[in-house]
Amino acid sequence: MFILKHLFCFALKILLLRKGVIYVINTVLNADEINQLLRRYGVKFGIYKNGQFKEQFFPFDPIPRVIGADDFRVIEKGLVQRADALNKFLFDIYHEKNIIRDGVVPEDFVYISSGYLPQCEGLTPPENIYSHISGIDLVEGKDGEWYILEDNLRIPSGASYPLIARELTRMASPDVFKTNGVADNRNYANLLKDTMDFVNRGGINAILTPGRYNSAYFEHSYLAELTGASLVQNDELFVEDNMLWQKTYSGGKTRVGTLYRRISDEYLDPLTFNLESLIGIPNLMEAYRSGNVAIMNALGNGVADDKGIYYFVPKMIKYYLGEDAILKNAPTYLPFYEDDRDYVLKNIDRLVIKDVAEAGGYGVIFGSDLSDEKIENLRQTIKREPRRFIAQEVIDFKDLPILENGEQVMRKADLRAFVLSGETTRVWASGLTRFSRNPDSFVVNSSQGGGFKDTWVLSR
Amino acid sequence: MKTLNFSFSTKLTFDNYVHDHTFALRCMPVESPSQHTVSCEMNISPFVPTRNTMDSFGNTITAGYISKEHRFLDFEINGRAEINLSNPKTDFMPCYLYNSAYTVPDKALKEFYIELSENCSAETPFDRTAYFSDKISDIITYEKGVTDTKTKASEAFALKKGVCQDFSHIMLSLLRLDKIPCRYIAGLACCDGETHSWIEVWNGEKWFGFDPANNCPVNEDYLILSQGRDFGDCSIDRGVMFGAYTRQLQLITSNLTEVY
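Predicted, not measured: the structure shown is a model, and the values here were computed from it. Residue numbers here run from 1 along each chain, matching the order of that chain's written sequence. Written order decides the labels, with chains lettered from A and ligands numbered from 1. Per-residue local features of the predicted model are confined to residues with pLDDT of at least 70, and side-chain atom pairs are confined, for both listing and counting, to 80 or more; whole-chain, interface and lining totals are unaffected and use all residues. Only hydrogens and water are removed before side-chain values are computed, so all heavy atoms of the structure are retained for them.

All names here are of chain A. The way it works is that DSSP assigns letters per residue, a run of H or I at least four long becomes a helix, a run of E at least two long becomes a strand, and they are numbered from the N terminus. By secondary structure assignment, the location of N35 is in helix α2 (residues 31–40). Between the C-alpha atom of N35 and that of P62, which follows or precedes it by 27 residues, the distance is 9.3 Å. When checking whether two residues touch, look at their non-hydrogen atoms; a contact exists if any pair is within 4.5 Å. Excluding anything up to four places from it in sequence, N35 contacts F57, F58, P59 and F60.

Here's what the structure looks like:
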């Protein structure tokens, strides 16, 4: 109660202007108080820097991003379409490969991708679902249009942050959400549980974490708590008779029907992938191949969220669904194609160059930041290894207000939307808004020092 | 067609007790149009129920789990197979065109490839394979004990020494640079008391076998136990176990003889 009282003591009036509609929000919470509370809950993420593990606090900004109901309907439709096409693409790549045969996606982009796993050829995951949870990053341009920045189909994290932030702000100021007609985001737990239940092959749902030194450990434990799944580490699990089991405290065993794993593919089964892995479950692939356990997300998804494959997603939507993409990609060039390469080499000083092998905001180069010498080096590298890079126009995205030392300032922000594919494909009416704390930076990744906001989707 | 009797056994001994031992064996002969297993029996000691699945490369995986403490794991297979190379094998995977973990070439291998391809007038995948293999046997010496199961093509190439596995990896690396799809084979060969490795090369329609360590095409005296992009996909036994053991000793014996 002590904490709640403190939260109430700060009342601010903020006007949020959106498409001519004015929402008056009576209370904006004291950011410091909320952040203290988040700290107490252990809402942190860890990063490895120079070989050292550091836990970092993920700063919360109390001014929410607000998405209007009409806007969200369009985003929702576009995301469902995108996730469905990506799932069909993954099925196709690991089976018939029609999209390659029909010349829509060049085979080099598929088979050179480090996310493509030949070990998954011909393997069909339960209910044909590959990407159960898709974390799709978007930005809103100054033109009011939403653009897709990237797809994350392996183990996208981040849903827990807006969940817990909402939980805490709701405690402090329950009226705000009712008055403003904010869609309740607490249904994420149900969406996630439904998704796990739908593919379950008999047994419990379990969330596999590498342990407390993992960057997203808070999220793993929080999602397990909310969905009733068992939070497990690899030494509690084993494969026998090609089924996955959890050891129980009484010395028995319980069958696991769905494994929501938060470990990347190459560490998941040391007998199929990296033999050195100490965090995997030996012979998990055999249980999976036998259809005795669902793995969320499926193995081999990396081939579809490869930065090089991104370019082809609108073409995939057309190919598999016969529809035009509702949400646009950022204008992208592939130096792999000669025309695009010429354009990139000529305009390199105003483009963003991304190394397809890197993630988490690493390997993102803004041409405008480089010296002449570095630009020349980059040109040579692109000529030498055209497949390694994509280039994009810098999108002029809409800045969002954040509070810094009590002042409102404008910063770059993106939105990670969560799409859950089970019996149907559904978009969570919330999402993780990440912002850059550095006024000059476009990179919002949490590993690069960014913060987050809650995302309010208005229901009317 | 030839009929071959085969036997293969390995004995793993630990110098202390281990438990929670999970293993995956790839030692059941691969079934294909040119290789048919007439009979095959497998024995594992200590006795443990096992399950078979087929991986994406066409290998049978025998999976098992021993929770109790034990100090050894022995397994052996005995059987009879018919080899008939006049029936073509046409199973194909695009990944065989791309270099994999063991075969990624370094600068030296790439330079060697450029030199090779400039001097090679052969056109068909078979002739190019034979040419490459000839050149490799000129410069690489067969020698045991200098490389191990982790040695990559580029490392063996730098040493200029190695065993059959290394010859295979170097060949795969060069052929893939030459845009010829090819795969790694682990198996048994007549008159060879151990496991052997060779390669298969795709000629556009079907696979043919080539033995780079002996610099000769494969005949019907070879039995395929597993196949894949490189050794990593083909290891005959892999296992993970817990315990305070410090050393494991592995003894492998095999025998392949023609039945007249």
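From this point, things continue past the structure.
Moving on to the pattern of salt bridges. Oppositely charged side chains can pair when the atoms bearing their charge come close. Salt bridge, as used here, is a side-chain nitrogen of Lys or Arg placed within 4 Å of a carboxyl oxygen of Asp or Glu. Throughout the structure, instances matching the rule amount to 40 salt bridges over all chains. Notably, a salt bridge pairs A:D306 with A:R387, separated by 3.9 Å at the nearest N-O pair. Of this pair, A:D306 sits in the loop between β13 (294–296) and α12 (307–310) while A:R387 sits in the loop between α15 (372–384) and β18 (389–393), placing them 81 residues apart in sequence. Note on exposure labels: buried denotes an accessible area under 20% of the residue type's maximum, exposed denotes more than 50%, and partly exposed covers the range between, all computed with a 1.4 Å probe on protein chains only. Residue A:D306 is classed as buried on the basis of its relative accessible area, which comes to 9%. The partner of B:R26 in a salt bridge is B:D55, with the nearest N and O atoms 3.6 Å apart. Residue B:R26 is found in strand β1 (residues 2–28), and its partner B:D55 is found in the loop between β3 (51–54) and β4 (60–66); the two are separated by 29 residues along the sequence. Residue classification places B:R26 among the buried positions, given a relative accessible area of 5%. Among the ionic contacts, a cluster of salt bridges with common partners joins A:D137, A:D414, A:R416 and A:R434.

All names here are of chain A. In contact at an axis separation of 10 Å, helix α14 (residues 338–347) and α15 are set at 170 degrees when each is read in the N-to-C sense. Accordingly, the angle class assigned to the pair α14 and α15 is roughly antiparallel. Counted together, V344, L345 and K346 of α14 and R379, I382 and K383 of α15 form the full contact between these two elements. Throughout, the ten residues Ala, Val, Leu, Ile, Met, Phe, Trp, Tyr, Cys and Pro are labelled nonpolar, Asp, Glu, Lys and Arg are labelled charged, and all others, Gly among them, are labelled polar. A class-by-class count of the residues in the contact of α14 with α15 yields three nonpolar, no polar and three charged. Where helices are involved, their axes are fitted lines through C-alpha atoms of the stretch in contact, as for all axes, and angles between N-to-C directions lie from 0 to 180°. Orientation labels follow simple angle bins: below 35 degrees gives roughly parallel, above 145 gives roughly antiparallel, 65 to 115 gives roughly perpendicular, and whatever is left gives oblique.

Moving on to the interface of chain A and chain B. Of the residues lining the interface, 27 residues belong to chain A; the matching set on chain B comes to 27 residues. Summed over both partners, the interface of chain A with chain B comes to about 2100 Å²; 57% of that surface belongs to carbon and sulfur atoms. Remark: the boundary between chain A and chain B carries two salt bridges. When the shortest N-O distance is used, the salt bridge between A:K247 and B:D20 registers 3.3 Å. Pairs of N or O atoms are called polar contacts if they sit within 3.5 Å, as long as, within protein, a hydrogen donor faces a hydrogen acceptor (for residues adjacent in sequence, only side-chain-to-side-chain pairs). Linking chain A to chain B there are 10 residue pairs in polar contact (both at pLDDT 80 or more). Of all elements in the fold, only α5 (107–111), β10 (237–240) and α11 (284–289) of chain A reach the threshold of two or more residues within the side of chain A that touches chain B. Grouping the amino acids of the side of chain A that touches chain B by side-chain chemistry returns 12 nonpolar, five polar and 10 charged. The buried area of a pairing is the accessible area, by a 1.4 Å probe, that goes missing from both parts when the two are put together, added over both.

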